[in-house]
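# Structural characterization, general
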Amino acid sequence: MMCDQSWSGSGSTTPHVATQYCNNPNHLFEVTTTTCDMVAGGGSFGAGAGQYSGGDGMGGTGGGGGDGEPGNDDELTPPNPCPRCPDFTTVPVLEDDPTVPSAPPTPCYHLKRLTDNPSVKLSFATLEARKNQPGEWGFAFRNFDSTSTSIMAPTVIEASSQNPNILNMAAYIGGNYIGAAHTHPPPSFGYYPMFSFDDLEYLMRVALKHNNGGQPKDWTQYVLTLTTYDGVFAIKIKDPLKFYTNFNLKRAFIENQIEKEYRKIKPGGNMDKFKLALLKIIEDFDLGMGLYEATDNVTKWGELENIKGKPNLKPC
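What counts and how
Going along each chain's sequence as written, the residues are numbered from 1 onward. Only residues with pLDDT of at least 70 get local features here, since the model is predicted, and only at 80 or more are side-chain atom pairs given and counted; chain-wide, interface and lining totals rely on the full set of residues. The basis for every side-chain value is the complete set of non-hydrogen atoms in the structure, without hydrogens or water. To sort residues, take the accessible area from a 1.4 Å probe on protein chains only and compare it with the maximum for the residue type: under 20% means buried, over 50% means exposed, and anything in between is partly exposed. The secondary structure listing takes helices from DSSP runs of H or I that are at least 4 residues long and strands from runs of E that are at least 2 residues long, numbered from the N terminus. Each pair of strands is called paired provided DSSP finds at least two bridges between the two strands. A pair of aromatic rings is counted whenever rings of Phe, Tyr or Trp (Trp by its six-membered ring) have centres within 6.5 Å, and the orientation is called stacked for planes under 30 degrees apart, edge-to-face for over 60 and tilted otherwise. Our definition puts a charge over a ring when NZ of Lys or CZ of Arg is within 6 Å of the ring centre and also within 35 degrees of the ring normal.

## Looking at the pairing of strand β4 (residues 138-142)
The buried fraction of β4 is high, at 4 of 5 residues. Taken together, the 5 bridges between β4 and strand β6 (residues 177-183) define a ladder with antiparallel strand orientation. Among the inter-strand pairings, F139 is bridged to a residue of β6, identified as A181.

## Some words on the packing of aromatic side chains
Inspection of the entire model under this criterion finds 9 aromatic pairs. Centre to centre, the rings of Y192 and F274 are 6.4 Å apart; their planes meet at 50°, and the pair counts as tilted. Residue Y192 is located in the loop between β6 and α3 (197-209), and its partner F274 is located in helix α6 (residues 271-284); the two are separated by 82 residues in the primary sequence. As far as burial versus exposure is concerned, Y192 and F274 are alike and both buried. The structure contains a cluster of three or more aromatic residues connected by ring pairs, namely F197, W219, Y222, F243, Y244 and F247. One Lys or Arg, R130, reaches over the ring of W137 and ends 4.2 Å from the middle of that ring.

## Focus on unusual backbone geometry
At D296, a residue that is not glycine, the phi angle is positive and equals roughly 50°. Of note, K308 is a non-glycine position whose phi angle comes to about 55°, a positive value. Take K308: it is sitting in the loop between β10 (300-307) and β11 (310-315). Classification of K308 as exposed rests on a relative accessible area of 84%.

See below:
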C-alpha cells in the first residue's frame, strides 16, 4: 500500500510506503511492482528494506522503508527486465493424493506402538515380577473409544470365580478391548509356558467383538501376549480370513494337536521346543496368524519362523 500524504509533517507528498501517518484514505493507493535480485554485484531486495539496490549501478533507490524518510527518486521499481536476473521456471506443487492409501499397518507396527506406551511398559514389568507366582496374572488393553487408536492405561484382569488360578478373560472382550497381556501358572503346577488353545480363542473373540464404530477393522492391532520364565511372546492375526475359517473348521483338531505337542516337551524345558511346536501347528492348520517374541527388555519385537526345524527370529 502506497501513500502520497505529507510525510510526518515534512510537507513532502512524494509517493511512499504507507506508514501510521497515512491516516487519510484519499491518499492511499496500490502499486504493482516487479522486483528481482541481482546475480552479481552484491545487490539485494532485503526484507523490510523497501528498496532495490544494485551493485553495478543498475538499481535506483525508491519506495523508502520503515519509518525513515522516503527516497527522492521517482523510480519505484528496479529496471525491468532485469538483465542478470536468473530465469525462474515455476511448476505446480503436487499435493498428496488422498485417494492413495499409505502402507497398511502390520502386526510389528502395532506391537512396537503397544510397548512404547508408558502404562503398558509398567504392566509388562509387573508381569515379569509375577511370572513365577501361583496363578495367572494379566492386564487388558483397550482404546479410548470405538474410533480411537490411542490405548488407555491397562486394566487388571480378575481371576475366574470357578478357578482362582485362571483369569476370567471372557469378561474383557467387546467394547473397546483390543487384547491382553498375561502369564501362565508355573510349569511346576502342570501348565505349559506357551499359548494354549484357549489363548488362540481369546484372540479370535476379542477381535470379533471389538466395537470399532462400524469402520473397517484393522485386524493386525489385536493381540495377546504371554510372559514366561524364558521370554515374552505375542500372537497376532495376519490373515483374518484364514484365521477365522480354519480355526473354526478345525478347532477340535487344533486343540488336540496343541495338547499332544506340548505333552512331548518336559514342563520347564527348552523354550525353543515350545516355540517350534506352536509354529508347526500354525503352519499345519494354515491359521493365518503369527508368533512374535520381544527382545531388549520388551522394547523390540521379531516374528518367529520355522526354518528347517528350528525357530528363527526375524526382527520387525
